[in-house]
Amino acid sequence: QVQLVESGGGLVQAGGSLRLSCAASLRTFSLYVMGWFRQAPGKEREFVASISGSGGATSYGDSVKGRFTVSRDNTKNTVYLQMNSLKPEDTAVYYCAAKRAIISLINPDYWGQGTQVTVSS
């Protein structure tokens, strides 16, 4: 059974930084596009970032461009989300996602359980 396990969430002040990690139990991790979505209370789930299997291609949601960086370590089956210059509106549950694909993370095959990120003003 595939598991995506997120860690690194927590409470941070506005302007601060956090790094999320997602460890994946995927035998062919490098064949999966990995990424992150988030969902704030009362809002729809929102795309945050994705990274191709090789790590050579990344994509970001407009609201996080220039502040967040997605990366992966295929030797550790782990994807990361470095979040800088955090704002209160970044408060949400962040979900790791995986899709067997070249570039796209639309309709992921697998989801993590989520990790809470809270940014105080």
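To be clear, the structure that these remarks concern was listed above.
We now turn to the structure provided with this report. Predicted model only: the values in this text are computed from it and were never measured.

## Observations regarding the overall build of the protein
Secondary structure assignment for the protein yields zero helices and eleven strands. Of the regular secondary structure in the protein, the N- to C-terminal order runs β-β-β-β-β-β-β-β-β-β-β. Whereas a compact globule of 121 residues would reach a radius of gyration of roughly 14 Å, the protein reaches 13 Å, a difference of no more than 12%. With the C-alpha coordinates aligned to their principal axes, the bounding extent of the protein is approximately 40 × 25 × 25 Å. Counting the 121 residues in the protein, one finds 43% classified as buried. Split by element, the accessible area of the protein, about 6400 Å² in all, is 47% carbon and sulfur. Measuring between centres, the 12 positive side-chain charges of the protein sit 6 Å from its 8 negative side-chain charges.

## Quick look at the nonpolar core
Core analysis: the biggest nonpolar cluster contains 29 residues, and Met34, Trp36, Leu81, Met83 and Tyr94 have the highest contact counts within it. For Tyr94, the residues in contact, after removing those within four places along its chain, are Glu6, Leu20, Trp36, Phe37, Arg38, Val48, Phe68, Leu81, Met83, Gly114, Thr115 and Val117.

## Considerations on the state of the cysteines
On inspection of all chains with the given rule, the structure shows one disulfide. The disulfide that involves Cys22 links it to Cys96, with 2.1 Å between the sulfurs. One disulfide, between Cys22 and Cys96, carries an S-S torsion of -80° and so falls in the left-handed class. Here Cys22, found in strand S3 (residues 18-24), pairs with Cys96, found in strand S9 (residues 92-100); they are 74 residues apart in sequence, far enough to count as distant. Each member of the pair, Cys22 together with Cys96, is buried.

## Concerning the packing of aromatic side chains
Within a pair of aromatic rings, the relevant descriptors are the distance that separates the centres and the angle that separates the planes. Tallied over the entire structure, the rule returns four aromatic pairs. Centre to centre, the rings of Tyr32 and Tyr110 are 6.3 Å apart; their planes meet at 45°, and the pair counts as tilted. Note that Tyr32 is positioned in strand S4 (residues 32-39) and Tyr110 in strand S10 (residues 110-111), a separation of 78 residues in sequence. With 6.5 Å between their ring centres and 90° between their planes, Tyr95 and Trp111 make a pair best called edge-to-face. Taken as a pair, Tyr95 in strand S9 and Trp111 in strand S10 lie far apart in primary sequence, 16 residues in all. With a relative accessible area of 14%, Tyr95 lands in the buried category.

Cut-offs and rules
- Throughout, residues of each chain are indexed from 1 in the direction in which the sequence is written.
- With the structure being a predicted model, the display of local features is reserved for residues of pLDDT at least 70 and the display and counting of side-chain atom pairs for 80 or more, all residues being used for whole-chain, interface and lining totals.
- No hydrogens and no water enter the side-chain calculation; it runs on all heavy atoms of the structure.
- Helix and strand assignments come from DSSP, with helices taken as H or I runs of at least 4 residues and strands as E runs of at least 2, each series counted from the N terminus.
- Our radius of gyration is a C-alpha quantity, and the globule rule it is checked against amounts to 2.2 Å times the number of residues to the power 0.38.
- The rule is simple: take the accessible area with a 1.4 Å probe, protein chains only, and divide by the maximum for that residue type; under 20% is buried, over 50% is exposed, in between is partly exposed.
- Exposure was quantified through the Shrake-Rupley algorithm and a 1.4 Å probe, taking into account, for residues, occlusion by the shown protein chains and nothing else.
- Note on charges: Lys and Arg go in the positive column, Asp and Glu in the negative column, and His and the chain ends are not counted at all.
- Charged groups are reduced to one reference atom each: NZ for lysine, CZ for arginine, CG for aspartic acid, CD for glutamic acid.
- Nonpolar cores were defined as sets of buried Ala, Val, Leu, Ile, Met, Phe, Trp, Tyr and Cys residues, with membership established by side-chain atoms within 4.5 Å.
- By definition, residues are in contact when any of their heavy atoms lie within 4.5 Å.
- Any two cysteine sulfur atoms within 2.5 Å of one another count as a disulfide.
- In this scheme Phe, Tyr and Trp rings, the latter by its six-membered ring, pair at centre separations within 6.5 Å, and the angle between planes marks the pair as stacked below 30 degrees, edge-to-face above 60, and tilted otherwise.

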